[in-house]
Amino acid sequence: MARNFDRAHDFRIDNLQVFNGHPWENPLEKLEARIAAAAIHDSAERCDAPKCHPDTRVAVQDDLYSWIVDGDEESDQPKKIKWVTGPAGTGKTAVMGSLSGRCKACGVLAATFFFASWSASIGRRRKTALVTTIAHQLARYDSDLRDEISKAVDANSDIFDKNLHTQMEVLILGPLQELARHPGRPSLRGAIIVDGLDECEAEQYHDTTATGSKSRSLPPRTNDQDQGEILQVLQKASLDPSFPFRIIIASRPERVFREFFDPETSPAPFAHKLNLHEDYNADADITLFLEAQFNRLRRRHGLLSSWPPPGTIQTLVKNASGQFIYAATVIRYLDSGQREPPKALLAAILKMDATRKASSNPLEQLDVLYSHILESSPDPPLSIRWILTIDWLSTHPLPFISTLCLASTINLLLQTDPESNEAEHLLGNLHSLIRIPPPSDQAAARYDFYHKSLIDFLEDENRCGKCPCTSSTAQI
């Protein structure tokens, strides 16, 4: 740099700023390098994420959107956190995805984070990048807030090595408090949507495989602990008077969430929870979805207007027990391109349901459907072994083999004959359960599951133990 000023004279420099490190690494670029980009609602990884079918879940979305923009009736103590819950398959992620799109279109989407235990992106499976990802989106949401967040990152170079509580204080609450000192500026509002928090895996800070007295005194962290930590961080933020956003947390009704949101034990007030399974009757929405999909199948396959037979949709809606995943899986199965036409596949499903005894378990029909589809494989136990192995490799990536999760690598690992096309042979009839990349893309693409409930089914002996397609040989 000194050479630039050789023989220079009679000049002065005003407002000189000296940056430590690379000059192109401004604070917001440093922040962006620490986010989980795949967890944002409109990321490339979520291009096939479920969305609500048009004209469905309208009441649910209206309820949530109204709460975001209008709040509660009690204005003296606003309740800034709302819990959306429901069992697997009730459409939580679809609702959150559609709500995110609606909020963005209306200019009130502050930030999103979609956890996913099946994701190849470790940032979507763990807590590490949650606060940084939210802060990154808030910096784009408001220009004044962006300036304050930039200052916070610049003044705290080690912030990315701090815990979530400290990151929330420094990256989000501190900048919001600075803005609050300027009452003349327009007030902020908007939604922060966190989906699938029950799928957040525990971050381990020590070697859980090590031996010795020190390792035995440090048990591995549990998923509940990290999920609980996130809940506490978000709760603390919501209680700060300078925090203007509404937080929606969507999860299954696991114990850590039931206890945290229990109004009798929680010290902080929460907005009334929304249970998708209990508070809203999904039957009408599932009916609309099935009617639209059967119309599409008729057009695509040239079927008569009399198909499906009378009463079919009502039967499928009853079997769904409020679970959109059942209806979606049926449609994918009929449209999977198997050798049999949709008419024969539907007849098999209806026959299967007719011979099934009534049960109060809402997962019963979904389990039967999963079993029926898995049995269509030439070797169901081996297919299940492939599925469980794919899931394990996707959720336990090895840092020194970055290509291990790719479809082509998995094929080489699992095929008994390298020259065979065993993957297509075993999984060819299971396209309604698993996304299988075309052969031309398998060197760069991954296998992917449509819904986590398939893995839940296969890993729960009480649900899959009686199914003939599952056996001890299917375990990995």
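Values in this document were obtained by computation on a predicted structure and should not be read as measured data. Within any chain, residue numbers begin from 1 and follow the written order of that chain's sequence. With the structure being a predicted model, the display of local features is reserved for residues of pLDDT at least 70 and the display and counting of side-chain atom pairs for 80 or more, all residues being used for whole-chain, interface and lining totals. With hydrogens and water stripped out, all remaining heavy atoms of the structure feed into the side-chain values.

### Describing the pattern of salt bridges
The condition that has to hold: Salt-bridge detection follows one rule: a side-chain nitrogen of Lys or Arg within 4 Å of a carboxyl oxygen of Asp or Glu. The helix and strand labels rest on DSSP assignments: H or I over at least four residues marks a helix, E over at least two residues marks a strand, and numbering proceeds from the N terminus. Any residue under 20% of the maximum accessible area for its type is buried, any over 50% is exposed, and the rest in between are partly exposed; the area is computed with a 1.4 Å probe on protein chains only.
A complete count under the given rule lists 21 salt bridges for this structure. Asp335 serves as the salt-bridge partner of Arg300, at 2.8 Å between the closest nitrogen and oxygen. With Arg300 in helix H10 (residues 283–301) and Asp335 in the loop between helix H12 (324–334) and helix H13 (342–354), the pair connects residues that are 35 residues apart, well separated along the chain. Accessibility expressed as a relative area gives 55% for Arg300, which makes it exposed. Judged by its relative accessible area of 19%, Asp335 is buried. A single network of salt bridges, built from pairs that share partners, joins Lys127, Arg221, Asp226 and Glu229.

### With respect to unusual backbone geometry
A cis amide bond links Trp307 with the next residue in sequence, Pro308, at an omega value of 5°. Mapped onto the secondary structure, Pro308 falls in the loop between H10 and helix H11 (312–320). In this structure, Arg57 takes a positive phi of about 55° despite not being glycine. Structurally, Arg57 can be placed in the loop between helix H1 (27–32) and helix H2 (58–70). Its relative accessible area of 2% is what places Arg57 among the buried residues. One non-glycine residue, Ser321, lies in the positive phi region at around 50°. In this fold, Ser321 is placed in the loop between H11 and H12. Given the relative accessible area of 28%, Ser321 is considered partly exposed.

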